[in-house]
Amino acid sequence: MKKIKLLLLGLFIGTAIINAQHQQHPNIILIFSDDHAYQAISAYGNNLVQTPHIDRIAKEGALLENNFVTNSICGPSRATLLTGKYSHKNGYYDNGGTPFNTAQLVFPQLLQQNGYQTAWIGKMHLNALPKGFNYLNVLASAGGQGHYFNPTFVNINNDTSTYKGYVTNLITDFFFEWMEQRDPNKPFFAVIGEKATHRSWLPDLPDLGAYDAIDFPLPDDFFDNYESRPAAQQQDMTIDKTMRLKEDLKIGQIFGINRNTDLNEIRKRLKEYYPNKKFTDKELRNFARNSDYSSLDAEQAAAYQKYYGEITKKFEAQKLNGKDLAKWKFQRYLKDYYATARSMDRNIGRILSYLDSTGLSKNTVVIYASDQGFYLGEHGWFDKRFIYDQSLKTAFVIRYPGVIKPGTRIKEFVSNVDWAPTLLDIAGIKTPSEMQGASFLPILKQQTPHNWKKDIYYHYYEYPQPHHVSPHLGIRTKDYLLIRFYKGVEGWEFFDLKKDPKQLYNVYNQKEYAPIIAQLKSRLKELIIHYDDKEALDIFNTPI
Ligand code: SGN
Ligand code: CA
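Here the structure is a predicted model, which is why all the values come from computation and not from measurement.

Chemist: I'd like a description of the overall build of the chain, backed by residues and values.
Modeler: Of the regular secondary structure elements, the chain holds 17 helices and 16 strands. The C-alpha atoms of the chain give a radius of gyration of 25 Å, which matches the 24 Å a tight globule of 544 residues would have. The principal-axis extent of the C-alpha atoms belonging to the chain is close to 100 × 65 × 45 Å. Counting contacts in the chain only where the partners sit at least 6 residues apart, residues at least 24 apart contribute 68% of the total. Carbon and sulfur atoms provide 52% of the accessible area of the chain, an area that totals close to 22,800 Å². Each charge class in the chain was averaged separately, 66 positive and 59 negative side chains, and the resulting centres sit 3 Å apart.

Chemist: Please give an account of the UniProt feature "domain: N-sulphoglucosamine sulphohydrolase C-terminal" (unreviewed entry) in the chain that cites residues and values.
Modeler: Those residues carrying the UniProt feature "domain: N-sulphoglucosamine sulphohydrolase C-terminal" (unreviewed entry) are residues 377–527 in this numbering. Taken end to end, residues 377–527 is 20% helix and 22% strand, and its first and last C-alpha atoms sit 32 Å apart.

Chemist: Go over the coordination of the calcium ion (ligand 2) with me, naming the residues and quoting the values.
Modeler: Within the protein, Asp 34 (OD), Asp 35 (OD), Asp 371 (OD), Asp 371 (OD) and Gln 372 (OE1) serve as the donor atoms for the calcium ion (ligand 2), at 2.1 to 3.0 Å. Around the calcium ion (ligand 2), the six donor atoms are arranged such that angles at the metal cover 47 to 172°; this shape is classified as irregular. Mapping the donors of the calcium ion (ligand 2) onto the primary sequence gives the spacing D-D-x335-D-Q. Judged by its relative accessible area of 0%, Gln 372 falls in the buried class.

Chemist: Talk me through the packing of helix α2 (residues 52–60) against helix α12 (residues 322–357); I want residue IDs and the actual numbers.
Modeler: Packing of α2 against α12 brings their axes to within 7 Å, and their N-to-C directions diverge by 50°. One element, α2, and the other, α12, form an angle in the oblique class. Contact residues: α2 offers Pro 52, His 53, Ile 54, Arg 56 and Ile 57, while α12 offers Asp 345, Arg 346, Ile 348, Gly 349, Leu 352 and Asp 356. Considered class by class, the residues forming the contact of α2 with α12 number five nonpolar, two polar and four charged.

Chemist: If you had to explain the layout of surface pockets to someone new, which residues and values would you point to?
Modeler: Taken as a whole, the largest pocket holds about 650 Å³ of empty space. In the lining of the largest pocket, the residues fall into three nonpolar, twelve polar and eleven charged.

Chemist: I'd like a description of the environment of Asn 114, backed by residues and values.
Modeler: Examined against the element boundaries, Asn 114 turns out to sit in the loop between α5 (107–113) and β4 (117–122). Measuring from C-alpha to C-alpha, the distance between Asn 114 and Pro 187 comes to 9.4 Å, with 73 residues separating the pair along the chain. Among the polar contacts listed, one links the side chain of Asn 114 to the backbone oxygen of Leu 110, at a separation of 3.0 Å.

Chemist: Before we move on, could you go through the site of ligand 1 and cite the residues and values that matter?
Modeler: Surveying the vicinity of ligand 1 reveals 16 residues, the closest of which are Cys 74, Arg 199, Asp 383, Arg 385 and His 467. One of the side-chain nitrogen or oxygen atoms of Asp 34 is found 3.3 Å away from an oxygen atom of ligand 1. Arg 385 is positioned with one of its side-chain polar atoms (N or O) 2.7 Å from an oxygen atom of ligand 1. In a pocket analysis with a 2 Å cut-off to the grid points, ligand 1 is assigned to the largest pocket.

Chemist: Explain the environment of His 53 residue by residue, including any values.
Modeler: Counting through the fold element by element, His 53 comes out in helix α2. Note on His 53: relative accessible area 27%, which makes it partly exposed. Separated by 298 residues in sequence, His 53 and Ile 351 place their C-alpha atoms 9.5 Å apart. Not counting chain neighbours up to four residues away, the residues in contact with His 53 comprise Asp 345, Arg 346, Ile 348, Gly 349 and Leu 352.

Chemist: Kindly report on the sheet that holds strand β5 (residues 135–139), identifying the contributing residues and their values.
Modeler: One open sheet holds the ten strands; their spatial order is β7-β6-β5-β4-β8-β1-β9-β10-β2-β11, and the pairing between them is mixed. Each having just a single partner strand, β7 (160–162) and β11 (408–410) make up the two edges of the open sheet. Strand-to-strand twist of the sheet, defined as the mean angle between neighbouring strand axes without regard to direction, takes the value 15°. In the packing of α2 onto the sheet, the strands contacted are β2 (62–64), β9 (364–370) and β10 (396–399), and the crossing angle to β10 comes to about 60°.

Chemist: Go over unusual backbone geometry with me, naming the residues and quoting the values.
Modeler: With an omega of -5°, the peptide bond running from Tyr 463 to Pro 464 counts as cis. As for its placement among the helices and strands, Pro 464 is situated in the loop between β13 (455–460) and β14 (472–477). Omega for the bond connecting Gln 465 with Pro 466 falls within 30 degrees of zero, at -5°, which places this linkage in the cis form. Relative to the assigned elements, Pro 466 resides in the loop between β13 and β14.

Chemist: Which residues make up helix α11 (residues 298–318), and what are the values?
Modeler: Taking 1.5 Å of rise per residue, the 21 residues of α11 would be expected to cover 30 Å, and the 30 Å separating its terminal C-alpha atoms lies within 8% of that figure. Taken together, the buried positions of α11 are occupied by Gln 300, Ala 301, Tyr 304, Gln 305, Tyr 307, Tyr 308, Gly 309, Ile 311, Thr 312 and Phe 315. The secondary structure elements touched by the buried residues of α11 are α8 (263–271) and α12. For α11, the capping residue at the N-terminal end is Asp 297, with a side-chain oxygen 3.2 Å from the backbone nitrogen of Glu 299. Positive backbone phi, at 45°, marks Lys 319, one or two positions downstream of α11.

Chemist: I'd like to hear about the sheet that holds strand β15 (residues 480–485), residue by residue, with values.
Modeler: In space, the four strands of this open sheet follow the order β13-β14-β15-β16, with antiparallel pairing throughout. At either margin of the open sheet sits one strand with a lone partner, and together these are β13 and β16 (491–496). When the angles between neighbouring strand axes are averaged without regard to direction, this sheet yields 10°. Strands β13, β14, β15 and β16 of the sheet are contacted by helix α16 (residues 514–530), whose axis makes an angle of about 115° with β14.

Chemist: How would you summarise the side chain of Asp 496 if you had to cite specific residues and measurements?
Modeler: Counting through the fold element by element, Asp 496 comes out in strand β16. By relative accessible area, Asp 496 is classed as buried at 5%. Leave out the neighbours within four places in its chain, and Asp 496 touches Asp 479, Tyr 480, Val 507 and Tyr 513.

About the thresholds
Residues numbered from 1 in each chain as written. Chains lettered and ligands numbered in written order. Predicted model: local features only at pLDDT ≥ 70, side-chain atom pairs only at ≥ 80, totals over all residues. Heavy atoms only, no water. Helix = DSSP H or I, 4+ residues; strand = E, 2+ residues; numbered from the N terminus. Rg over C-alpha atoms; globule rule 2.2 N^0.38 Å. Contact = heavy atoms within 4.5 Å. Areas by Shrake-Rupley, 256 points an atom, 1.4 Å probe, with all protein chains shown as cover. Lys, Arg positive; Asp, Glu negative; His and termini not counted. Charge placed at Lys NZ, Arg CZ, Asp CG, Glu CD. UniProt positions renumbered as here; feature names shortened; annotations may be inferred. Donors = N, O, S within 2.8 Å, 3.2 Å for Na, K, Ca; no water. Tetrahedral: all angles 85-135°; square planar, octahedral: opposite > 155°, others 65-115°. Buried < 20%, exposed > 50% of the residue type's maximum accessible area, 1.4 Å probe, protein only. Axes fitted to C-alpha atoms, helices over the stretch in contact; angles between N-to-C directions. Parallel < 35°, antiparallel > 145°, perpendicular 65-115°, else oblique. Nonpolar A, V, L, I, M, F, W, Y, C, P; charged D, E, K, R; others polar. 1 Å grid on protein atoms, 1.4 Å probe; cavity = no way out; pocket = protein on both sides within 12 Å on 5 of 7 lines; lining within 4 Å. Points joined across faces, edges and corners; volume = space filled by probe spheres on them. Polar contact = N/O pair within 3.5 Å; in protein donor to acceptor, adjacent residues only side chain to side chain. Near = heavy atom within 4 Å. Sits in = over half its atoms within 2 Å of the grid points. Pairing = 2+ DSSP bridges. Expected span 1.5 Å × (residues − 1).

Below is the structure:
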């Protein structure tokens, strides 16, 4: 009898321990890429290029179809992620170089207070190291953008080190190193900040040419003439005119040279592609200026020279111009872009396998998201910034075993001010009142609150450099998009998304839309007041 009692007691204690382990808040990994378009992901419908590991996260968890950003560029997106606030509240409006204000609250501080160990590894791009992290190892050179090959990182003590290898692989390696040194008795939160797929799209060596056999279909608005959209007429981000053959597409590029390389050496290497062309010393020196291409070591440079040298020769033989040249550039852009993304998906595979083999998968939330969307030739563009769909929306897939039902697809509107509150909620922490978003964890559990938002407020600032996108603010609902451009171009735009999902026809002046435009304006004003965007209110109230 006594033995049975002891056995029962043992069972009871055992179950209690298991329960306690289950109740411990989960680990959270946020794999956060740069400029990786949702339309580049197979789980989001791309059927030419496969992203099996991002897809796996979606399949085993949820995919958000309407996840928006509040200001579609890099630094501001990261500042919003950390603070749960719009740019006008966290002070980080653009990539202009002003350091992120580290005195303000960032959500990892709250995670730390609740027993989490926290790390950010890879690209951060905030011109300052925020509080709230136990471990930092972030890209340092090129104004925080870092290099694809042999990059330099800065750690929490402000010490910099340069490492040999390809950035996406190194970032994963550093994550594993940190995992091995962390305290296994505490939950962890880690941001794996990818450099991929940022311009100038340098693939890892095994991926050079991975998509050369694919002829990518040209978006039907590739030769958009921007009629009825003055800000689109003013931008400087077309594949046709803005994208550069040498610096972006690596045509006639010389790799692995730097400011100290002898000019005769550069002249000699160029002879192979341009036997009859004479270069001035200034032109030769320019070849050594792009640090992304200078950072390759001899072996990497040789592989690049071989691959892009062949492409250069074929290109020069074709003597393309006009629309044919634009179409050719589009093909090369996508081939490099997807090849760069390929290494990232492979590395996400490494991360998922690591979690499987260490048994961590069960109690670790894994998120894959990008800092904003990106144009892959829609409207003829690359880059982002506009409130139009491809840059406004961004990928977000999340796996949370036992909580999110596999294969969930979410249509509700969420935005990046909601990310911090959601991550805090997962960790069992209430959203602080100064944050401007709300947790969408209930939505992920398919328990959408009845009053969940149905529209998104947006405000973009950076102007005129680098891409001449006029500042604007606006509101996006399921069916409509209303925009107020200012500074560069002054004016309103309105799109009926039911009839015009590609946002090609600005119908602001069509009479039949006057009632809905009036309604949307009053809602936009409410949002401006709700988010306390004073500058926006002045602009809204200024007649044009
Ligand atoms: C660089 C790029 C731009 C890009 C910004 C911001 N030019 O300036 O094309 O929009 O970064 O990107 S480049 O010739 O230097 O590549 S962000 O992702 O950091 O916001
Ligand atoms: Ca970015």
